[in-house]
Structures are given as structure tokens and as C-alpha cells.
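Residue strings, one per chain:
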Amino acid sequence: MPNKNFTVIAVDGGAASGKSSTSKIIAERLNLLYVDTGAHYRSIAYVLLRDAIYPEDHKDIVNKIDSYKLGTQLIGRLARLTINGEIIEDSFLRSAQVNQYVSQFSAIPQIREVLLKYQRSLTNYACEHHFRGLIMEGRDIGSIVLPDANFRFFLEADPAMRMHRRKLQGHDDAIQMRDQLDVARKTAPMICPPNAIRINSSELTLEKVVDKMLKIIEVQKDT
Ligand code: C5P
């Protein structure tokens, strides 16, 4: 079980709001396990699509999801999800087809249930692997997955800025459409969790956002 020096940080926000870039740096600075839950939903979407299963194929999804054995491979500080022992390559996770369907898959309660259990188990995984805590990013981390997190952040940025960032990454991604679906779904919608610190990164460099977050973490830890 985590001890009192173990730090749990939840980072939520819309697509391309800067969650991954900031979380990775903070994980490095504070020796935390880094968990990208968007990659979990993308991995499930990818393996289902590979089997020609689409979001409307409810029965097939429920059957398949129960047959998946989820595991973790540690790559530096990054916890990568494995499905039946397989890690899905980044280029597949970020493909246009996965971008197109991932939010529809992630609205399905049975998929969320399986991933919720897995995601919560990563706190113990971080302890067992001697990290000083974990930083987990997604849409429902501070609200549902880790509601007792020591720190909760909600990152925002103007839509034009977020589109620009995605373009620079070379990805074909309708981020506003995904955000709308993620906010509107019934199960674990994207929200700014209670008491979370909102940071708008539109006018800030990556370093400035990280500095802001680290200052908040340090100040609150000392009080
Ligand atoms: O973070 P990323 O943009 O890679 O997430 C891909 C999709 O996964 C989101 O648009 C959302 O539909 C889903 N997701 C989710 N809950 C999370 C993380 C991601 O529903 N905690």
C-alpha cells in the first residue's frame, strides 16, 4: 500500500491540451510512474477495429473485452498497457481510424469498467516498482479513477491552439468532435474535477505550465 510520501497526481483535460507533454516531464522530475490512459482507450479501440468490430457491435465488444488479459510493461517511467501480452505501437494508436472511433468506444460502460479496474491497480504497481508516486492523465482521472489524488489539474487551451499543436505532430485528428463526445457521454464524462486547479496553457510555453504545476505541488506538500 502507498505510504504518506507517495504522491498521486491526476491530470485531466481535452484532446491536445498539453496533458502528455507536461505529465511526462513532471514524472521525470519527481520520479513518478507515468500513465497515459488515453493510450489505454486507443489500444482497446485498435484491437477491436483490427477484428472489424465497430462501436455499434455491442455484443462482440462485450465478448471480446472479457477475453482480454491486461498487463503492464514498464518502459522507463512509462507504464505501457499490454493486451494479451501485446503492446500496440504508437503509430497504430495515433492512426486516423483510431482517432475517428476512439471516443465512441470509450463511451461504452463495459470498456470503461475493465479499464477503470486496471488503472486503479497501477497505484500498487507504482509502489511495487519503487516510484515515489504516479501521475495519470486522461478525462476522468480526478473525478472517477483516482478521486483521492493528492493533486488534481485540469488543462485547457484554445481550440485553435490545440488544432495547431496536433498539426505540428502530424496527426489527422478531429479534436473538437472527440471533446464533444467525451463531455456528453453518460459514463465518466470529461469534467473538471471538484477542487482541481485549472490551467489555461494557450499563452504559456510548456516549461511555464510545468513550472506552474511543480510550484503548486511543492507549495502544497510543504503546508
Ligand atoms: O488522451 P487521448 O486524446 O489520447 O485520448 C483518446 C480518447 O480516449 C479520448 O478522446 C477519450 O474518448 C478517451 N479517454 C477517456 N477517458 C480517459 C482517457 C481517454 O474516455 N481517461
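Residues numbered from 1 in each chain as written. Predicted model: local features only at pLDDT ≥ 70, side-chain atom pairs only at ≥ 80, totals over all residues. Heavy atoms only, no water.

Caption draft 1: Structural view of the site of the ligand. Taken together, 17 residues surround the ligand, and among them Arg42, Ser106, Arg112, Arg178 and Asp182 come closest. Contacts to the ligand include Ser106, whose side-chain N or O atom sits 2.7 Å from an oxygen atom. Within the side chain of Arg185, an N or O atom sits 2.9 Å from an oxygen atom of the ligand. Expressed as a share of its isolated accessible area of 450 Å², the protein-covered part of the ligand is 98%. Judged by the proximity of its atoms to the pocket grid, the ligand belongs to the largest pocket. Secondary structure elements with two or more residues in the shell around the ligand: helix 2 (37-50), helix 5 (96-106) and helix 9 (175-184). If you tally residues by element for the shell around the ligand, the top one is helix 2, at four residues. (Near = heavy atom within 4 Å. Polar contact = N/O pair within 3.5 Å; in protein donor to acceptor, adjacent residues only side chain to side chain. Areas by Shrake-Rupley, 256 points an atom, 1.4 Å probe, with all protein chains shown as cover. 1 Å grid on protein atoms, 1.4 Å probe; cavity = no way out; pocket = protein on both sides within 12 Å on 5 of 7 lines; lining within 4 Å. Sits in = over half its atoms within 2 Å of the grid points. Helix = DSSP H or I, 4+ residues; strand = E, 2+ residues; numbered from the N terminus.)

Caption draft 2: Examining helix 9 more closely. Residues of helix 9 that are buried include every one of Ile175, Arg178, Asp179 and Asp182, and no others. Angularly, the buried residues of helix 9 cover 100° about the axis, an arc narrow enough to put them on a single face. In helix 9, those exposed residues whose orientation departs by more than 90 degrees from the buried face are Gln180 and Ala184. In this fold, the buried residues of helix 9 make contact with helix 2, helix 5 and helix 8 (159-168). (Buried < 20%, exposed > 50% of the residue type's maximum accessible area, 1.4 Å probe, protein only. Arc of directions from axis to C-beta. Contact = heavy atoms within 4.5 Å.)

Caption draft 3: Geometry of the environment of Lys208. With respect to the helices, strands and loops of the structure, Lys208 is situated in helix 10 (residues 206-222). Counting along the chain gives 77 residues from Lys208 to Phe131, while the straight-line C-alpha distance between them is 25 Å.

Caption draft 4: A look at the nonpolar core. Core analysis: the biggest nonpolar cluster contains 41 residues, and Phe105, Ile111 and Leu134 have the highest contact counts within it. The element contributing the most residues to this core is helix 2, with eight residues. Beyond its immediate sequence surroundings of up to four residues, Leu134 is in contact with Phe6, Thr7, Val8, Ile9, Leu32, Leu33, Val35, Leu122, Thr123 and Ala126. In terms of nonpolar packing, the next biggest core, distinct from the first, is built from 17 residues, Phe153, Val209, Met213 and Leu214 among them. (Core = buried A, V, L, I, M, F, W, Y, C linked by side-chain atoms within 4.5 Å.)

Caption draft 5: Here's a closer look at the packing of helix 2 against helix 6 (residues 109-128). In contact at an axis separation of 11 Å, helix 2 and helix 6 are set at 140° when each is read in the N-to-C sense. Viewed along their axes, helix 2 and helix 6 adopt a mutual orientation that is oblique. The handedness of the crossing between helix 2 and helix 6 comes out as right-handed. For the pair helix 2 and helix 6, the contacting residues are Thr37, His40, Tyr41, Ile44 and Leu48 in the first and Ile111, Arg112, Leu115, Tyr118, Gln119 and Leu122 in the second. For the contact of helix 2 with helix 6, the residue count by class is seven nonpolar, three polar and one charged. (Axes fitted to C-alpha atoms, helices over the stretch in contact; angles between N-to-C directions. Parallel < 35°, antiparallel > 145°, perpendicular 65-115°, else oblique. Left-handed = near helix turned anticlockwise from the far one by under 90°. Nonpolar A, V, L, I, M, F, W, Y, C, P; charged D, E, K, R; others polar.)

Caption draft 6: Structural view of the layout of surface pockets. Empty space within the largest pocket amounts to approximately 890 Å³. The wall of the largest pocket is formed by 46 residues, among which Ser20, Asp36, Arg94, Glu137 and Arg166 lie closest to the centre. In terms of residues, the lining of the largest pocket owes the most to one element, helix 2, which gives seven residues. Tallied by class, residues from the lining of the largest pocket come to 14 nonpolar, 16 polar and 16 charged. Val62, Ile65, Asp66, Tyr68, Leu70, Gln110, Glu113, Val114, Lys117 and Tyr118 are the residues that line the second largest pocket. At the level of secondary structure, the elements contributing two or more residues to the lining of the second largest pocket comprise helix 3 (58-67) and helix 6. When residues of the lining of the second largest pocket are assigned to their parent elements, the largest contribution, five residues, is made by helix 6. A breakdown of the residues in the lining of the second largest pocket according to their chemical character gives six nonpolar, one polar and three charged. (Points joined across faces, edges and corners; volume = space filled by probe spheres on them.)

Caption draft 7: Layout of the packing of aromatic side chains. With the rule as written, the count across this model stands at two aromatic pairs. Between Tyr46 and Phe92 the ring centres are 5.2 Å apart and the planes differ by 10°, which places this aromatic pair in the stacked class. One end of the pair, Tyr46, is in helix 2; the other, Phe92, is in helix 4 (residues 90-93), with 46 residues separating them in the sequence. For Phe92, a relative accessible area of 38% corresponds to the partly exposed category. (Phe/Tyr/Trp six-rings, centres within 6.5 Å; stacked < 30°, edge-to-face > 60°.)

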